[in-house]
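Architecture and fold: a report
Here are the chains, one letter per residue:
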Amino acid sequence: MSAPQHDLLCIGNAIVDVLAPVGQDLIDGLGAAAGSMTLIDAPTAHAIESRVDIENVTGGGSGANTAVVAARMGAKVAYLGKVTADEAGDHFTRDIREQGITFPSEPLPAADGTPTARCIVLVTPEGQRTMFTYLGACTEFTPEDVHESVVADAAITYLEGYLYDKPQAQEAFEHAARLARKANRQVALTLSDTFCVERHRAAFHELVAGHVDILFANEAELLALYEVTDFEEAVAQVSAETKLAVITRGEKGAVVIGDGERHDVPTTEVKVVDTTGAGDAFAAGFLAGLSRKHDLVTCAKLGNQAAGEIITRYGARPTEAFTLT
Ligand code: 26A
């Protein structure tokens, strides 16, 4: 088997983030739980946007954030996801390609009338983010968008659990995992968020137990997956099921279970500005470490470093912000 051209292929919902600082009262008024993600339609997106002061508009999407941070850390990265050829889609594409990331996905024609996805990220003064996502063009991401050559040419294919929220994207996810397996490459999964785990628990169980080489999750997502309240119990269960599990625990650090061993890696203390994308960045640092053949503890430290970088600033990307007109 020849060496793959890319260290990492990320596949996910291609989203533009609309960031706005708000008070807790606004989030309460919208009826959303603090820290949650709610799927919304286009009119609701406009209605929320008209009620807030938009700070900036940047490339987003969980897997795309991971792709960008990993590329920043020196990994050779490809990305697959669906945008429309509209202004937001052009920004998303430019952002990705500026990082040297291979992004071969065909955009939807603007004339189709389905805009590029957007995520309104409301950030409280404490730095907690609550998200409202309109998926737009992401719902048109299908198995045909998953190019066999791109999957076969990446050492690791990293998939968002979030793809399970739409049927065609779910098929694309499963297709990508099969292609990676066929090409003898590794498959990584992130559980995305606790609500996503609630929606797709049975499917995620099956993936973790049988189809995934590397699992990324935070503590709450892991507890939700196994429907337990005790972290140690969840760790015991995941250890029995996966080769490599990478669990983040916020200020309590990260736990990496791999090669039959458990490593508890403390976090580095940072001043929290906005936690959006912290998990995405951690995964990026970890995966960039793996691509350099570092040991698991060093990979987790790189994860901490990347997450620390993202938490101390607004938004989920290390790139310059741009504005949408
Ligand atoms: C299916 N949904 C709802 C989503 C997302 C999402 N990424 C993929 N699928 N909803 C929000 N995000 C992204 O999460 C990042 C923070 O981890 C946002 O775009 C944000 O950049």
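As a reminder, the structure under discussion sits directly above these lines.
Residues numbered from 1 in each chain as written. Predicted model: local features only at pLDDT ≥ 70, side-chain atom pairs only at ≥ 80, totals over all residues. Heavy atoms only, no water.

**So, the overall build of the protein**
A count of helices and strands for the protein gives eleven helices and 13 strands. Here the C-alpha radius of gyration of the protein, 18 Å, is about what a compact globule of 325 residues would show, namely 20 Å. Along the first, second and third principal axes, the C-alpha atoms of the protein reach 50 × 40 × 35 Å. Long-range pairs, those at least 24 residues apart, make up 75% of the contacts in the protein between residues at least 6 apart in sequence. (Helix = DSSP H or I, 4+ residues; strand = E, 2+ residues; numbered from the N terminus. Rg over C-alpha atoms; globule rule 2.2 N^0.38 Å. Contact = heavy atoms within 4.5 Å.)

**Observations regarding helix α6 (residues 167–182)**
With 16 residues, α6 extends 23 Å from end C-alpha to end C-alpha; this agrees with the ideal 22 Å at 1.5 Å per step. When we look at burial in α6, the residues that qualify are A169, A172, F173, A176, A177, L179 and A180. For α6, the arc enclosing every buried residue in end-on projection is 165°, short of the 170-degree limit, so these residues lie on one face. Projecting away from the buried face of α6 at angles above 90 degrees are the exposed residues P167, R178 and K182. Buried residues along α6 sit against β1 (6–11), α5 (148–152), β8 (154–160), β9 (186–190) and α7 (194–210). N184 sits one or two residues past α6 and shows a positive phi near 65°. (Expected span 1.5 Å × (residues − 1). Buried < 20%, exposed > 50% of the residue type's maximum accessible area, 1.4 Å probe, protein only. Arc of directions from axis to C-beta.)

**Topic: the sheet that holds strand β10 (residues 214–218)**
Either a parallel or an antiparallel arrangement is found when strands of a sheet pair, and the pairing is made through backbone hydrogen bonds. Taken together, the eight strands give an open sheet; going across it, the order is β5-β1-β8-β9-β10-β11-β12-β13, and neighbouring strands pair in mixed fashion. Only two strands of the sheet have a single partner each, and these edge strands are β5 (77–80) and β13 (261–265). Pairs of neighbouring strands in the sheet enclose a mean axial angle of 15°, with direction left out of account. Relative to β9, β8 runs parallel, the two sharing five bridges. Residue pairing for β9: T157 is matched across the bridge by V187. (Pairing = 2+ DSSP bridges. Axes fitted to C-alpha atoms, helices over the stretch in contact; angles between N-to-C directions.)

**A look at the sheet that holds strand β7 (residues 129–134)**
One open sheet accounts for five strands, arranged β3-β7-β6-β2-β4; its pairing is mixed. The two strands at the open ends of the sheet, each matched to only one other strand, are β3 (37–39) and β4 (56–59). If you compare each strand with its neighbour and ignore which way they point, the axes differ by 20° on average. The strands touched by helix α2 (residues 42–49) are β2 (15–21), β6 (117–123) and β7; relative to β6, the strand with the most contacts, the crossing angle is about 35°.

**Quick word on α7**
Compared with an ideal rise of 1.5 Å per residue, which puts 17 residues at 24 Å, α7 spans 21 Å between its outermost C-alpha atoms and falls more than 12% short. Maximal helix bending in α7 amounts to about 90°, located at H200. The set of residues buried in α7 consists of C196, V197, H200, R201, F204, L207 and V208. Buried residues along α7 sit against α6, β9, β10, α8 (219–226) and α9 (231–241). For α7, the capping residue at the N-terminal end is D193, with a side-chain oxygen 2.9 Å from the backbone nitrogen of F195. (Bend = angle between axes of the 7 residues up to and from the residue. Polar contact = N/O pair within 3.5 Å; in protein donor to acceptor, adjacent residues only side chain to side chain.)

**Things to note about the side chain of N13**
Positionally, N13 belongs in the loop between β1 and β2. If near-sequence neighbours (up to four positions away) are discounted, N13 is found in contact with G61, Y79, L135, C138, E160, Y162 and L163.

**Some remarks on the site of the ligand**
Taken together, 20 residues surround the ligand, and among them D17, G61, N65, T133 and D280 come closest. G61 places a polar main-chain atom, nitrogen or oxygen, 2.8 Å from an oxygen atom of the ligand. Starting from 460 Å² of accessible surface for the ligand in isolation, the protein chains cover 98%. The set of elements that each furnish at least two residues to the shell around the ligand consists of β2, β3, α3 (62–72) and β7. (Near = heavy atom within 4 Å. Areas by Shrake-Rupley, 256 points an atom, 1.4 Å probe, with all protein chains shown as cover.)

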